[in-house]
Amino acid sequence: MSANPSERYGLVAEYDTPEAVLEAAHAARKAGFSKMDAYTPHPVEGLDDALGMKPTQLGFVVLGMGLLGAVAGYFMQWYSATTFYPLNIGGRPLHDWPTYVVITFEITVLLSAFTAGLFMIGRNGLPRPYHSIFNTPGFERATRDGYFLCIEQSDPNFDEGRVRELFAGTHPVAVQEVQA
Amino acid sequence: MAVVTGSGTMVETNRVIAPGQTSGLIDDVVNTPVLVGPQRTPTWWWIGFSISLALLGLYLISVVHLITTGVGIFGNNQPVSWAMPIINFVWWIGIGHAGTLISAALLLFRQPWRTSINRFAEAMTIFAVVVAGLYPILHLGRPWVFYWLLPYPNTFGMWPNFRSPLAWDLFAISTYASVSVLFWFIGLIPDLATLRDAAKSRFQKLIYGTLALGWNGSAKAWQRYQRAYLLLAALSFPLVLSVHSTIAMDFAVSQVPGWNNTVMPPYFVAGAVFAGFAMVLLLAIPLRRAYGLQNLITMRHLDNAAKLMLATGMIVVYGYGVELFYAWYSGVEFEIFMAYNRVLGADHGWAFWLLILCNLVAIQPLWFRKVRQTPWALFLISIFVSIGMWLERFVIVVVSLTKDFLPSSWGNYVPTFWDWALYAGSFGLFFTLFFLFIRLLPSIATTEMKELAHHDAHHGSDSYEKIREAYYRGEVPA
């Protein structure tokens, strides 16, 4: 069944090993495709490089939020203890920084951890109830033992014949069209 | 090398994962018991769940009685104002620490054996923290205003005293609880997607599909996921150390003889890991058997957990020694009397010697490989360790408080029925949650197991094991 190309998301090849999908990704990149993604049951080392993906900026975002947490946590304690609500406890100094360490650390960790988790979820576009790739027949194997490579219709170099030819040379288990 | 072909064939192995595991096999073994209909729930599950639920009932009755009557139902009073609620709080939260250590520290140290046990250990952490966190709140006297502890703009114009270890405690525990839940959930997302795709009924597809948030396993998603997971591990590791150090400082910052001691934070952390690994074994040994997970949770895991239990146990025992040495070396009369009272006191001396029996004598068989590889022996030793660690907190909290400075203010402590009822009930809360977890969610991180199995099968991983076997055959020079 061939669909109307305008309603097509892309062409998907299924492989049964991570090595095969990695090899196919390399081949596809060499052939000049850029709008593509691979779908695998577990992370495959080097697959992001093979698909020409830049490293994630997650680490820098987390570092920034962690530093913000540290400053905010320390400030909260300093402001409350010295200015807003000073408590004289046995004449001890109000700005006794060693006692601020624990809470500063906890707030740093709290903010960094939630940034890491929520940034990952948000940038991955989750929660997302619908994605065209789920229209691939047999895509439930992508969380079990199937390794999928999709070259998307929106790729500037997309040409059905060329993509099929490329896939044929990479020994896929199946090649399928996916509806948008 | 025996090749295992079906999920029904099981061999006890010392490898991290039994040979011949494939992605499909792992999914089937782990996910089938989760996805079967209610009528096919195993009998052992119903029995365990019913007992847990009964104990949870006891917990609820105790809590209602506590709230309607007041903290006077407990045995603690001056001079022993901290007793069972604090002992049980520290005990439960200590148990939780092994889960974080397994999932975070062993990930950072690239220990492949973590993968089989991290998911249920993380669940254990969360449930233990839930149980633990409720104790201080219930002990407040007016639990319904517990939010007064938080720094929030309020009409009283007041702020918490951030220089108090009890305020540190609140931050440490709430951060620990929320980060643990996040870490657990992030780890679960790909596994929930696996369940969504394997589910047969529409209801299951809907529930697991919603929880999986639409995860599709794309390369870009995995890239961010792995970075986020690694960072969460790197943040959780120091977090877990900080939590128990902070709890130790609740004691160490005070002036009570036996509490005011710089060894407390590291010694408390070691004790937490010790008790935590005991609980991991208490849960893993029946679980692997009940669900037939011997191919995935192998003898290697039991062996390693036992080794860690032995190592941390010996650190804890060293801590007991340091405490006694410190009492003598300080030259402080009250510290020396405390040490004497702790070891030889007529009231609670028995607790110290029972503690030595549980935490020092009972773990010594773990030096032998044969014991470490005998599940029932490990189970028995773990029970001893759990009791020992409870006694340790009893000795630290109660014995120090009964006789501190002025003989005129000395007193004794006897737990009441409600002290014990709440403690027994807390097991109900913990195990109810745990039984629900093992029935409704995969108790093994299938995604990570697939990666491990693939690595094992194709790249001949477990190279350490191969080298060791070759060494025993005499092929590799020492």
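Reference entry: report on the structure contained in this document. Chains are numbered independently. Their residues run from 1 in the order of the written sequence. Going through the entries in the order they are written, you letter the chains from A and number the ligands from 1. The predicted nature of this model means local features are confined to residues of pLDDT at least 70 and side-chain atom pairs, given and counted, to a pLDDT of 80 or more, with totals for whole chains, interfaces and linings taken over all residues. To obtain the side-chain values, all non-hydrogen atoms of the structure were included, while hydrogens and water were left out.

1. Brief notes about the overall build of chain B
- The secondary structure listing takes helices from DSSP runs of H or I that are at least 4 residues long and strands from runs of E that are at least 2 residues long, numbered from the N terminus. Assigned secondary structure in chain B consists of 16 helices and zero strands.
- Relative to the 2.2 N^0.38 estimate, which gives 23 Å for 478 residues, the radius of gyration of chain B is 24 Å and therefore close to what a compact globule would have.
- On the principal axes, the C-alpha backbone points of chain B span a range of 75 × 60 × 40 Å.
- Relative to its full complement of 478 residues, chain B shows a buried share of 60%.
- Two residues form a contact once any of their heavy atoms are found within 4.5 Å. Contacts in chain B between residues at least 24 apart in sequence constitute 81% of all its contacts with a sequence separation of at least 6.
- Here, Shrake-Rupley sampling with a 1.4 Å probe gives the accessible areas, and only protein chains in the shown set may cover a residue. Summing over all exposed atoms, chain B offers an accessible surface of approximately 19400 Å²; the carbon and sulfur share of this is 70%. With C-alpha atoms as the basis for the radius of gyration, the globule rule is written as 2.2 Å multiplied by the number of residues raised to the power 0.38. To sort residues, take the accessible area from a 1.4 Å probe on protein chains only and compare it with the maximum for the residue type: under 20% means buried, over 50% means exposed, and anything in between is partly exposed.

2. Describing the overall build of chain A
- Regarding its fold elements, chain A presents five helices and four strands.
- In sequence order, the secondary structure elements of chain A are arranged as β-α-β-α-α-α-β-α-β.
- Here the C-alpha radius of gyration of chain A, 25 Å, is well above what a compact globule of 180 residues would show, namely 16 Å.
- In terms of its C-alpha atoms, chain A occupies a principal-axis envelope of roughly 85 × 30 × 30 Å.

3. Description of the interface of chain B and chain A
- Listed per partner, the contact involves 56 residues of chain B and 59 residues of chain A.
- In total, about 5200 Å² of surface goes out of reach between chain B and chain A, with carbon and sulfur atoms giving 67% of it.
- As used here, buried area is the combined drop in accessible area, with a 1.4 Å probe, of two parts when they are placed together. Broken down residue by residue, the surface that chain B buries against chain A is led by B:W159, B:R163 and B:R224, which jointly contribute 16%.
- Any carboxyl oxygen of Asp or Glu within 4 Å of a side-chain nitrogen of Lys or Arg constitutes a salt bridge here. Scanning the region where chain B abuts chain A turns up two salt bridges.
- Note that B:D28 is salt-bridged to A:R144, the shortest N-O span being 3.0 Å.
- Elements represented by at least two residues in the side of chain B that touches chain A include exactly helix 1 (23-35), helix 5 (165-198), helix 7 (219-252) and helix 15 (446-458) of chain B.
- For this scheme, ten residues count as nonpolar: Ala, Val, Leu, Ile, Met, Phe, Trp, Tyr, Cys and Pro. Four count as charged, namely Asp, Glu, Lys and Arg, and the remainder, Gly too, count as polar. Split by residue class, the side of chain B that touches chain A holds 28 nonpolar, 18 polar and ten charged.

4. Things to note about the environment of A:F33
All names here are of chain A.
- Of note, F33 is situated in the loop between helix 1 (18-30) and strand 2 (36-39).
- Given the relative accessible area of 4%, F33 is considered buried.
- In sequence terms F33 and L51 are 18 residues apart; their C-alpha atoms lie 8.9 Å from each other.

5. What about the pattern of salt bridges?
Residue and element names in this part refer to chain A.
- Counted under the stated rule, the structure contains 16 salt bridges over all chains.
- When the shortest N-O distance is used, the salt bridge between R8 and E177 registers 3.2 Å. Residue R8 is found in strand 1 (residues 8-15), and its partner E177 is found in strand 4 (residues 174-179); the two are separated by 169 residues along the sequence.
- Residue classification places E177 among the buried residues on the basis of a relative accessible area of 14%.
- Residue E160 pairs with R164 through a salt bridge whose shortest N-O separation is 3.0 Å. Highlighted residues: E160 and R164, both in helix 5 (residues 160-168), separated by four residues, approximately one helical turn.
- Residue classification places E160 among the partly exposed residues on the basis of a relative accessible area of 26%.

6. Thoughts on empty space enclosed by the protein
- In the cavity and pocket records, a cavity denotes points on a 1 Å grid over the protein atoms alone where a 1.4 Å probe fits but cannot get out, a pocket denotes an open set with protein on both sides within 12 Å along at least 5 of 7 lines, and lining residues are residues with an atom within 4 Å of a point. Grid points are joined across faces, edges and corners, and a volume is the space filled by probe spheres set on the points. One pass over the full model with this rule turns up three cavities of 30 Å³ or more.
- Here the largest cavity defines a volume of roughly 50 Å³.
- Forming the walls of the largest cavity are A:S80, A:A81, A:Y85, A:L87, B:P160, B:N161, B:F162 and B:R163.
- Looking at the lining of the largest cavity, its residues break down into five nonpolar, two polar and one charged.

7. Examining helix 6 (residues 202-211) of chain B
Residue and element names in this part refer to chain B.
- Along helix 6, the residues classified as buried are Q204, Y208 and G209. Around the axis of helix 6, the buried residues are gathered within 120 degrees of arc, so they sit on the same side. Projecting away from the buried face of helix 6 at angles above 90 degrees are the exposed residues R202, F203, L206 and T210.
- The elements touched by buried residues of helix 6 are helix 1, helix 5 and helix 14 (417-440).
- Remark: L213 follows helix 6 within two positions and exhibits a positive phi of approximately 65 degrees. Taken from the helix axis, the directions to the C-beta atoms give the arc we talk about.

8. Brief notes about the layout of surface pockets
Residues and elements named next belong to chain B.
- Roughly 660 Å³ of volume is contained in the second largest pocket.
- G133, P136, I137, L170 and I173 are, among the 26 residues lining the second largest pocket, the residues nearest its centre.
- Counting residues per element, the lining of the second largest pocket draws most heavily on helix 4 (residues 114-139), which supplies eight residues.

9. Considerations on the packing of helix 8 (residues 264-290) of chain B against helix 9 (residues 299-330) of chain B
Residue and element names in this part refer to chain B.
- The axes used here are C-alpha line fits, helices contributing only the stretch in contact, and every angle between their N-to-C directions lies in the interval 0 to 180 degrees. For the pair helix 8 and helix 9, the least separation of the axes is 8 Å and the interaxial angle reads 150 degrees. Classified by the angle between their axes, helix 8 and helix 9 sit roughly antiparallel to one another. Our pair here, helix 8 against helix 9, has a crossing hand that is left-handed.
- Grouping the constituent residues of the contact of helix 8 with helix 9 by class yields 18 nonpolar, four polar and two charged. Angle categories are assigned with fixed cut-offs, so that under 35 degrees is roughly parallel, over 145 is roughly antiparallel, 65 to 115 is roughly perpendicular, and the rest are oblique. Should the near helix be turned counterclockwise from the far one by less than a right angle, the crossing is left-handed, whereas a clockwise turn marks it as right-handed.

10. So, unusual backbone geometry
- Cis geometry marks the peptide bond from A:L126 to A:P127, where omega comes out at -5 degrees.
- Locating A:P127 in the fold gives a position in the loop between helix 4 (101-123) and strand 3 (147-152).
- Note the cis peptide between B:Q78 and B:P79, where omega equals 0 degrees.
- Considering the arrangement of structural elements, one finds B:P79 in the loop between helix 2 (43-69) and helix 3 (84-108).
- Its identity is not glycine, yet A:H171 carries a phi of approximately 55 degrees, on the positive side.
- Within the element layout of this structure, A:H171 appears in the loop between helix 5 and strand 4.
- With a phi angle near 65 degrees, B:L213 is a residue other than glycine that sits in the positive phi range.

11. Observations concerning a nonpolar patch on the surface
All names here are of chain B.
- A contiguous nonpolar surface patch, about 730 Å² in accessible area, is contributed by L140, F146, Y147, W148, L149, L150, F156 and M158.
- Mapped onto the fold, F156 is located in the loop between helix 4 and helix 5.
- Looking at F156, the relative accessible area reads 46%, which means it is partly exposed. Exposure above 30% relative accessible area and no salt bridge define the residues that can form patches, which grow by joining like charges within 9 Å and nonpolar side chains of Val, Leu, Ile, Met, Phe, Trp and Tyr within 5 Å.

12. Brief notes about the packing of aromatic side chains
- Whether two aromatic rings pair depends on their centres lying within 6.5 Å, for rings of Phe, Tyr and Trp, where Trp uses its six-membered ring; planes under 30 degrees apart make the pair stacked, over 60 edge-to-face, and the rest tilted. Inspection of the entire model under this criterion finds 56 aromatic pairs over all chains.
- Judged by centre distance (5.1 Å) and plane angle (55 degrees), the ring pair of A:F139 and A:F148 falls under tilted. Of the two residues, A:F139 and A:F148, neither departs from the other in class, the shared state being buried.
- Aromatic pair B:F417 and B:W418: ring centres 5.0 Å apart, planes at 80 degrees, arrangement edge-to-face.

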